[in-house]
Amino acid sequence: VKNLHLLHPDQIELAKMLVDLGQSHLFQHWPEPGVEDEQKKAFFAQVAKLNSNYPGGLASYVKNARELLADSKEGKNPYDGFTPSVPTGEVLSFGDNNFIKFEEAGVKEAQNAAFVLVAGGLGERLGYNGIKVALPAETTTGTCFLQLYIESILALQGASSRLSHATSPKVIPFVIMTSDDTHARTLDLLESNSYFGMKPTQVHLLKQEKVACLEDNDARLALDPHDKYKIQTKPHGHGDVHSLLYSSGLLNVWRDAGLRWVLFFQDTNGLLFKAIPASLGVSALKHYHVNSLAVQRKAKEAIGGITRLTHSDGRSMVINVEYNQLDPLLRATGHPDGDANCETGYSPFPGNINQLILELGPYIEELTKTGGAIKEFVNPKYKDASKTSFKSSTRLECMMQDYPKTLPPSARVGFTVIDTWLAYAPVKNNPEDAAKVPKGNPYHSATSGEMAIYRANSHILQKAGVQVEDPVKQVFNGQEVEVWPRITWKPIWGLTFAEIKSKVSGNCSISQRSTLALKGRSILLQNLSLDGALIINTVDGAKVKVGGSIQNKGWIVESIDYKDTSIAEELRTRGFRMKKVEGLEETYNQPGEFSLKP
Ligand code: UGB
């Protein structure tokens with residue numbers, strides 16, 4: 001009270017609110033006016049920020065926290081009364097007629113889409129010092145994830161406007177959600193690389209803020225252990241993306257511009273865009289308000305399972321059940337083996353890869369009701385079984401895939417299962433943890449993420465008629481992986497199967513020890529027999545036919561030790577690097593027709 005005169009009237013309101021919320025411990029220790037006044041003002045500036053960043057303000061935050069903490073103390077199961085069952089959705093098989101039909105529909109729709117990348121996470125499991133989107137997706141070309149995503153969106157934009165013969169091509173907006181942990185470095189990565197070819201106005205960065213920590217079951221806010229004038233904060237989770245998009249005003253701008261779809265994706269999946277056209281096609285042709293991308297899932301794999309939950313009161317929803325909750329839920333509802341593989345060798349519940357496609361109109365309608373608030377959860381680490389105190393402060397969290405939880409039963413919620421090899425190879429685990437993954441389960445490491453790109457590209461070319469030699473097995477950083485020829489291409493070379501197929505003809509073959517990088521739109525492979533390294537760069541307007549037998553010593557995948565700190569972290573985390581012994585690199589920087597034959 002003695003310090004009140006230091007505050008603005010709106011800050012006085014906040015102080016009163018904190019007292020009403022049982023939070024007076026936050027300033028009980030404050031000294032007399034005149035001592036540390038600046039810190040006191042800074043404290044209230046932080047409170048104002050915490051208050052405005054949460055839908056419903058701190059009063060709602062504390063109220064929600066009390067309810068969730070009480071439920072957690074009681075051991076209440078959020079899925080009480082719900083019975084899980086395997087939902088039905090669209091299951092795609094790469095390259096068949098159905099897949100091609102959906103891809104074409106998806107490319108057409110892409111010009112009506114906006115993309116949203118959630119990239120606020122630090123990736124503690126990966127233990128990488130930089131931001132994850134700056135990591136190379138593969139080291140043959142060194143393309144980082146962010147570049148790959150941007151070039152994919154641009155390629156899709158071009159393909160979509162060509163298909164619809166648009167006179168003034170639409171620009172696909174790209175939003176990146178960052179956090180204090182990633183914002184400056186993300187912006188720097190974009191700026192120092194000229195936004196990887198995107199117009200800066202096409203990219204919007206939205207920074208998520210952290211939320212207040214809670215020190216006990218009464219939801220008393222925790223002070224920072226190192227600063228008594230600061231409330232301790234922690235990340236609130238990727239679910240923030242919905243309230244941020246809502247409050248940014250972008251959704252209405254997009255609707256007014258005629259957009260129809262918002263696609264959400266995560267930071268380190270180098271395969272994702274191979275699955276985007278077909279999945280967007282599913283959304284469009286099946287009229288899904290919500291479409292979750294999924295893959296086959298091994299039981300107990302650390303990805304959520306897409307599940308139909310039916311409540312005894314008649315409610316029913318198709319929703320992601322997080323991996324740590326699926327097993328207990330199944331056990332509690334008459335499945336004594338819990339989360340187990342069925343006769344296919346996979347869990348019957350498709351694995352959520354957290355790629356969501358939402359129809360914009362119904363999305364705006366829903367957010368107008370909720371303000372973007374997503375069902376939260378709390379995960380306190382209790383000191384003992386009495387559950388009365390915590391080992392360390394906790395906070396509320398939310399996940400973007402929980403968006404459908406508040407939807408009415410009339411909402412059309414579906415999912416699309418895609419071949420794992422085509423769609424999903426995230427980089428989440430550090431080498432040590434990856435090496436401990438049970439045999440048969442995916443490593444989700446930088447090693448497996450890169451090798452998965454070569455495998456997918458090899459499979460795609462095989463489907464397109466190229467003879468690609470079988471892989472060899474090799475161990476890097478303690479992980480056994482299949483090493484396929486290192487085949488990469490820029491998204492502009494081929495984003496859909498039909499497009500890729502149209503660029504391959506005759507008898508083409510690629511040996512296992514080969515490297516092939518296609519960096520340009522019009523590169524046609526005709527009767528090419530490759531045994532070595534071949535890199536082709538072209539500008540738009542240059543059309544190059546590549547054929548004949550190309551043979552050289554090639555690039556060798558050289559094993560390295562991740563503990564060898566003299567090597568860059570980006571390479572160490574994968575346990576190998578490309579030794580460029582010999583290769584053919586050609587660059588065509590003038591428009592025209594060319595032919596490359598040895
Ligand atoms: N992220 C943010 O942008 N902000 C945050 O506060 C936190 C994260 P993780 P997680 O792909 O297999 C998810 O940590 O949360 C971004 C799904 O919940 O990589 O453990 C972060 O930058 C799970 O159902 O994953 O698990 C990253 O881009 C399953 O689908 C993204 O959010 C799993 O991903 C995910 O963060 C998966």
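Predicted model only: the values in this text are computed from it and were never measured.

Let's talk about the overall build of the chain
Then, number 1: What the chain contains, in helices and strands, is 16 helices and 33 strands.
Then, number 2: Taking 25 Å as the expected radius of gyration for a compact globule of 598 residues, we find that the chain reaches 26 Å, a close match to that expectation.
Then, number 3: Across its three principal axes, the chain shows a C-alpha extent of roughly 85 × 60 × 55 Å.
Then, number 4: Counting over 598 residues, the chain shows a buried share of 54%.
Then, number 5: A sequence separation of at least 24 residues applies to 71% of the contacts in the chain between residues at least 6 apart.
Then, number 6: When the accessible surface of the chain is summed, it comes to about 25,300 Å², and 50% of that surface belongs to carbon and sulfur atoms.

Remarks on unusual backbone geometry
Then, number 1: In this structure, His 287 takes a positive phi of about 55° despite not being glycine.
Then, number 2: Position of His 287 relative to the elements: it lies in the loop between α9 (276-286) and β12 (290-297).
Then, number 3: The partly exposed category is assigned to His 287, whose relative accessible area is 47%.
Then, number 4: The phi dihedral of Lys 300 falls on the positive side, at around 70°, and the residue is not glycine.
Then, number 5: Considering the arrangement of structural elements, one finds Lys 300 in the loop between β12 and β13 (305-311).

Re the packing of helix α7 (residues 240-248) against helix α11 (residues 360-370)
Then, number 1: Contact pair α7 / α11: the axes reach a minimum separation of 11 Å and the direction vectors enclose 95°. One way to sum up the angle between α7 and α11 is to call them roughly perpendicular. Judged by residue contacts, His 242, Leu 245 and Tyr 246 of α7 engage Tyr 363, Leu 367 and Thr 368 from α11.
Then, number 2: Its residues assigned to classes, the contact of α7 with α11 comprises 4 nonpolar, 2 polar and no charged.

With respect to the sheet that holds strand β28 (residues 533-538)
Then, number 1: The 4 strands lie next to each other as β23-β26-β28-β32, forming an open sheet whose pairing is parallel. Of all strands in the sheet, those bounded by a partner on one side alone are β23 (486-489) and β32 (584-588). Averaged over neighbouring strand pairs, the angle between their axes works out to 5° when direction is ignored.
Then, number 2: Here β28 runs beside β32; their pairing, made up of 5 bridges, is parallel.

Side note on the site of the ligand
Then, number 1: The immediate surroundings of the ligand are formed by 24 residues, with Val 118, Gln 208, Asp 267, Ile 303 and Tyr 424 found nearest.
Then, number 2: At 2.8 Å from an oxygen atom of the ligand is found a side-chain nitrogen or oxygen belonging to Gln 266.
Then, number 3: At a separation of 2.7 Å, an oxygen atom of the ligand approaches a polar side-chain atom of Asp 267.
Then, number 4: When the free accessible area of the ligand is taken as 700 Å², the share hidden by the protein chains comes to 88%.

With respect to the pattern of salt bridges
Then, number 1: Evaluated as defined, the whole model comprises 30 salt bridges.
Then, number 2: The closest approach of N and O atoms between Arg 220 and Glu 215, which form a salt bridge, is 3.3 Å.
Then, number 3: Look at the salt bridges and you will find they share partners, linking Lys 49, Asp 180, Lys 207 and Glu 209 into a network.

Here is what the cut-offs are and how they apply
- Residues numbered from 1 in each chain as written.
- Predicted model: local features only at pLDDT ≥ 70, side-chain atom pairs only at ≥ 80, totals over all residues.
- Heavy atoms only, no water.
- Helix = DSSP H or I, 4+ residues; strand = E, 2+ residues; numbered from the N terminus.
- Rg over C-alpha atoms; globule rule 2.2 N^0.38 Å.
- Buried < 20%, exposed > 50% of the residue type's maximum accessible area, 1.4 Å probe, protein only.
- Contact = heavy atoms within 4.5 Å.
- Areas by Shrake-Rupley, 256 points an atom, 1.4 Å probe, with all protein chains shown as cover.
- Axes fitted to C-alpha atoms, helices over the stretch in contact; angles between N-to-C directions.
- Parallel < 35°, antiparallel > 145°, perpendicular 65-115°, else oblique.
- Nonpolar A, V, L, I, M, F, W, Y, C, P; charged D, E, K, R; others polar.
- Pairing = 2+ DSSP bridges.
- Near = heavy atom within 4 Å.
- Polar contact = N/O pair within 3.5 Å; in protein donor to acceptor, adjacent residues only side chain to side chain.
- Salt bridge = Lys/Arg side-chain N within 4 Å of Asp/Glu carboxyl O.

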